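The chain contents come next:
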There are 2 protein chains.
Amino acid sequence: MAQQRSENTREQVMAAAVELFCRLGYDACGVAEICATAGISKGAFYHHFPSKKALFLAIMDRWLQSIDERIAGFRAAGSSVPRVMQAMTGAMESIFTDASGQLPMFMEFMVQASRDQAVWEATIAPYRTYQTQFARMLAEGKDEGSIRVDLDEQSAAWVLIAFLVGTLLQGEVMPEAADWKLVVKTGMRMFLDSVQRSAE
Amino acid sequence: MAQQRSENTREQVMAAAVELFCRLGYDACGVAEICATAGISKGAFYHHFPSKKALFLAIMDRWLQSIDERIAGFRAAGSSVPRVMQAMTGAMESIFTDASGQLPMFMEFMVQASRDQAVWEATIAPYRTYQTQFARMLAEGKDEGSIRVDLDEQSAAWVLIAFLVGTLLQGEVMPEAADWKLVVKTGMRMFLDSVQRSAE
DNA sequence: GAAAAAACCGACCAATCGGTCGGTTTTAAT
DNA sequence: ATTAAAACCGACCGATTGGTCGGTTTTTTC
């Protein structure tokens, strides 16, 4: 049990910070408050993180990593477009159920990203990856005949991502306004409808 | 020229605040900085606004009002679904061109809305209005035969709004990543495709 | 078990924050 | 010209902020 204690407090700090960043925002909550919630001292905090912003970056890195793992699941689902869409729908629904509480962090990421270069690059990179992957998938679908050939797959991929991001945002800001799982399902089906080669 | 001066400085303060809120964020920029940018003193500031938050609310009210005016244009475009969609597309494109600079405020609104009740209600109200109007429009389209009857118009309306919000967000955070006008156009066409009664 | 290293503590600091206040200048009314 | 009110000024205040530092406790190493 060498560095077990160290890693433990580090984890406690990050957990406390996520909760406070969500509820109060990055600027509105102080380091002292994070320390109190985590049950440690300020000295311990600055022993693990060089600054408040570094803590934020660490949380973001971990979050992006977990997203990457989710995305990796899509490839395992196969390369057929309808099948991947189905997997995506399921993943989105699971996000809405069990991870909806920590979604405010997503907004915090966005806001910070628009003002800090380092945060910006880390946030933007995965987006481009998803878009590229999905666009390629659509292009393959064209070849195999399941996707209509007059579709602009680059724009279509962005349309899907924009829809998902928008739904996530609204689901967070006004969770009671609609059945967001149903909205996701409907949107996915509409997307599929307009992307697939019309059956004849 | 009675209260001309007063209104003038008030406008200067709001303009300075918008610019600083966009670039630095609400919490990260101080009242003193706003005053310096506006070229007035702190005393003058608190003569016009009771608090920093009140200034924020005032900016938001003005923004929501301008949105309402844009929306009013849609009704003038007629009640036919395809026609309204076309008008919406045009409006979105114009937003991307001439108003893209002040879009970071939108994020600021969202973030504040998730934490402050008063801001929340003001932000949420118009969304529900748009969704309601558009859902009704789709329902009418069902009756007149231009919209497929198996569509859930409530969810479909949310799908559209989520797509537009997501596009706006992404277009702001990564303006160079795609031709966002084209994305809007593509998304609108896809939406129309899947909503309209399939031609036979 | 001694000594070195890592983890931790909490009082403290300079800087900054939103907001106040007594006083001055500008404008409007008489 | 006088006066009252509105607009404006900027020094100041208490509170809070991110971050520091000398010292203590715990863990690891030999």
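Before reading further, recall that the structure is shown in the block above.
Residues and elements named next belong to chain A. Tracing the backbone through its elements, the reader meets K142 in helix α7 (residues 117–144). At 2.9 Å, the side chain of K142 and the side chain of E153 are in polar contact. Contact partners of K142, with chain neighbours within four places excluded, come to I147, R148, V149, L151 and E153.

This part takes up the relation of the copies chain A and chain B. When chain A is fitted onto chain B, the two copies agree to an RMSD of 0.2 Å after a turn of 180 degrees and an axial shift of 0.0 Å. Considering both components of the superposition, the chain copies are consistent with a two-fold axis. Of the interface residues in chain A, 100% have counterparts in chain B that sit at the interface too, so the contact is made through matching surfaces.

In this section: the packing of aromatic side chains. All names here are of chain A. Taken as a whole and assessed by the stated rule, the structure comprises 14 aromatic pairs over all chains. With centroids separated by 5.7 Å and ring planes inclined at 45 degrees, the aromatic side chains of F45 and F49 adopt a geometry described as tilted. Judged by its relative accessible area of 0%, F45 is buried. Put simply, the rings of F21, Y26 and F56 pair up and form one aromatic cluster. Sitting over the face of the ring of Y26, K52 holds its NZ or CZ atom 4.4 Å from the ring centroid.

A word on the interface of chain A and chain B. Counting from both sides, the interface comprises 46 residues of chain A and, opposite them, 46 residues of chain B. Between chain A and chain B the total buried area reaches about 3800 Å² when both faces are included, carbon and sulfur atoms providing 70% of it. In terms of surface lost to chain B, no three residues of chain A exceed R115, W158 and M190 of chain A, which account for 17% of the buried area on that side. Linking chain A with chain B are two salt bridges. With its nearest N and O atoms 3.2 Å apart, the salt bridge here joins R148 of chain B to D193 of chain A. Between the two partners, chain A and chain B, sit two residue pairs in polar contact (both at pLDDT 80 or more). Elements that contribute at least two residues to the side of chain A that touches chain B include exactly α1 (4–24), α6 (104–113), α7, α8 (153–173) and α9 (180–195) of chain A. Here the side of chain A that touches chain B gets 13 residues from one element, more than from any other, and that element is α8 of chain A.

Rules of the game
Residues numbered from 1 in each chain as written. Chains lettered and ligands numbered in written order. Predicted model: local features only at pLDDT ≥ 70, side-chain atom pairs only at ≥ 80, totals over all residues. Heavy atoms only, no water. Helix = DSSP H or I, 4+ residues; strand = E, 2+ residues; numbered from the N terminus. Polar contact = N/O pair within 3.5 Å; in protein donor to acceptor, adjacent residues only side chain to side chain. Contact = heavy atoms within 4.5 Å. Least-squares fit on C-alpha atoms with pLDDT ≥ 70 in both. Phe/Tyr/Trp six-rings, centres within 6.5 Å; stacked < 30°, edge-to-face > 60°. Buried < 20%, exposed > 50% of the residue type's maximum accessible area, 1.4 Å probe, protein only. Lys NZ or Arg CZ within 6 Å of the ring centre and 35° of its normal. Buried area = accessible area lost by both parts, 1.4 Å probe. Salt bridge = Lys/Arg side-chain N within 4 Å of Asp/Glu carboxyl O.

Everything listed here is a matter of geometry and, on its own, says nothing about what the molecule does.
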